[in-house]
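A closer look at the structure
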Amino acid sequence: VRVWLGNWTGAADDANLVPAGFKYQARYSAIELDQYNRIVWANSNQPYRAHSVVTTFYEGYYLSTNDPRVPWKTNPVIPNGTQGNVPWLFQTKYDKRESPIDLVSSGEMRLIVAESLLRSGDWPGAMTVINGLRATVGVAPWNATSLTEAWVALKRERGIELWLEGRRLGDLSRWVADGSPGVVEDMAGRDLCFPIGQNERDANPNI
C-alpha cells in the first residue's frame, strides 16, 4: 500500500521487518475445478497448452542463467501449444493444480528496499540489495554504472522475482506514471491497459 501511495520511507521500513524466506501465499486445491491454480490448468496439456514463454525475455534469460525463479521446459513429443503453430515452452514454476502463488515474499520486500534506495539516489546501495537477492538463488549479479542502469536492473529483477504472480502490469503503470528512468526490457512497447471488451460495448449504450 505504501509503495502505491508513494510513501517510500514507510514502504522500506515495513519491508525491512519481513524476515528472509517469508512467504504469504494464495492456496489452491485439486479437489474442484474452481479451486485449481489456473496457470497450471490452462497449460498442463489436459487438454490446454495455452501459455508459452517463446520470444519473451524469459526464454533467453532462463537459457543463459538457469535462474530457478523463471523455469520452463519443452516436450519434443508435443512441440506446439493449442494456439496454432506457437512453440510450447511451458512454465514449470507451478507444477500442480494445487500449487500456491505468492502474494507477499521476502524477495519482493528486498526489491522494495532497493527501489526506495534508487528513489533517494543511492543506486550503489540499491544494486547491493538487488545482487544480494540474486546471490541467494545462485545467479550472477547485474552490473550498473549509473542511476539509470540501476533502474533497468531493478525493473528487470522485479519481473524475474514476481514472474507469473500477476503484478507486472501494475509495476509498469506506476513506473510510467512517475516517470522513473530506465527501460523495461520484457514489456517494451506494450499497452498498459486493455480495451473494453466487445460484449461490454454491446451491452452498454453509454460506451
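Values in this document were obtained by computation on a predicted structure and should not be read as measured data.

Conventions used here
- Residues numbered from 1 in each chain as written.
- Predicted model: local features only at pLDDT ≥ 70, side-chain atom pairs only at ≥ 80, totals over all residues.
- Heavy atoms only, no water.
- Helix = DSSP H or I, 4+ residues; strand = E, 2+ residues; numbered from the N terminus.
- Buried < 20%, exposed > 50% of the residue type's maximum accessible area, 1.4 Å probe, protein only.
- Areas by Shrake-Rupley, 256 points an atom, 1.4 Å probe, with all protein chains shown as cover.
- Lys, Arg positive; Asp, Glu negative; His and termini not counted.
- Charge placed at Lys NZ, Arg CZ, Asp CG, Glu CD.
- Axes fitted to C-alpha atoms, helices over the stretch in contact; angles between N-to-C directions.
- Parallel < 35°, antiparallel > 145°, perpendicular 65-115°, else oblique.
- Left-handed = near helix turned anticlockwise from the far one by under 90°.
- Contact = heavy atoms within 4.5 Å.
- Nonpolar A, V, L, I, M, F, W, Y, C, P; charged D, E, K, R; others polar.
- Phe/Tyr/Trp six-rings, centres within 6.5 Å; stacked < 30°, edge-to-face > 60°.
- Polar contact = N/O pair within 3.5 Å; in protein donor to acceptor, adjacent residues only side chain to side chain.
- Salt bridge = Lys/Arg side-chain N within 4 Å of Asp/Glu carboxyl O.

Structural notes on the overall build of the protein
Counting its secondary structure elements, the protein contains nine helices and four strands. The linear arrangement of helices and strands in the protein, starting from the amino end, is α-α-β-α-α-β-β-β-α-α-α-α-α. Taking the principal axes of its C-alpha atoms as reference, the protein extends roughly 50 × 50 × 35 Å. Here the protein holds 207 residues, and 39% of them are scored as buried. A total of about 11800 Å² of accessible surface is found on the protein, and carbon and sulfur atoms cover 55% of it. Side-chain charges of the protein comprise 21 positive and 23 negative groups, with the mean position of each set lying 3 Å from the other.

Considering the packing of helix α5 (residues 106-119) against helix α7 (residues 147-161)
Direction vectors running N to C along α5 and α7 enclose 160 degrees, while the axes themselves pass 10 Å from each other. Relative to α7, α5 is oriented roughly antiparallel. Relative to α7, the crossing made by α5 is left-handed. Packed against α5, whose contacting residues are G107, E108, L111, I112, A114, E115, L118 and R119, the element α7 presents L147, A150, W151, L154, E157, R158 and E161 at the interface. Across the contact of α5 with α7, the residue classes break down as eight nonpolar, one polar and six charged.

Topic: the packing of aromatic side chains
Counting across every chain of the model gives eight aromatic pairs. A ring pair is formed by F57 and Y61, whose centres lie 5.5 Å apart and whose planes are at 15 degrees; its orientation type is stacked. Separated by four residues within a single helix, F57 and Y61 lie in helix α4 (residues 57-65), roughly one turn from each other. A relative accessible area of 23% places F57 in the partly exposed class. Here the aromatic rings of Y61 and W142 are separated by 6.0 Å at their centres, their planes lie at 35 degrees, and the arrangement is tilted.

Overview of the environment of Y94
With respect to the helices and strands, the residue Y94 is situated in the loop between β3 (90-91) and β4 (101-105). Each C-alpha atom, one on Y94 and one on L164, is 9.2 Å from the other, the two residues being 70 residues apart in sequence. Here Y94 is in contact with N37, I39, V40, S99, P100, I101, W163, L164 and E165, once residues within four sequence places are set aside. A distance of 3.5 Å separates a polar side-chain atom of Y94 from the backbone oxygen of L164.

So, the packing of α4 against α7
For the pair α4 and α7, interaxial distance at closest approach is 12 Å and the crossing angle is 85 degrees. Considered as vectors, α4 and α7 are oriented roughly perpendicular to each other. Where α4 abuts α7, its residues F57, Y58 and Y61 lie against R156, G159 and I160. The class makeup of the residues in the contact of α4 with α7 is four nonpolar, one polar and one charged.

Some thoughts on the side chain of K155
Mapped onto the secondary structure, K155 falls in helix α7. The charged side chain of K155 is buried without a salt bridge, its nearest counter-charge being D178 at 6.5 Å. In terms of polar contacts, K155 uses its side chain to reach the side chain of S180, at 3.1 Å. Here P181 takes part through its backbone oxygen, which lies 2.8 Å from a polar atom of the side chain of K155.

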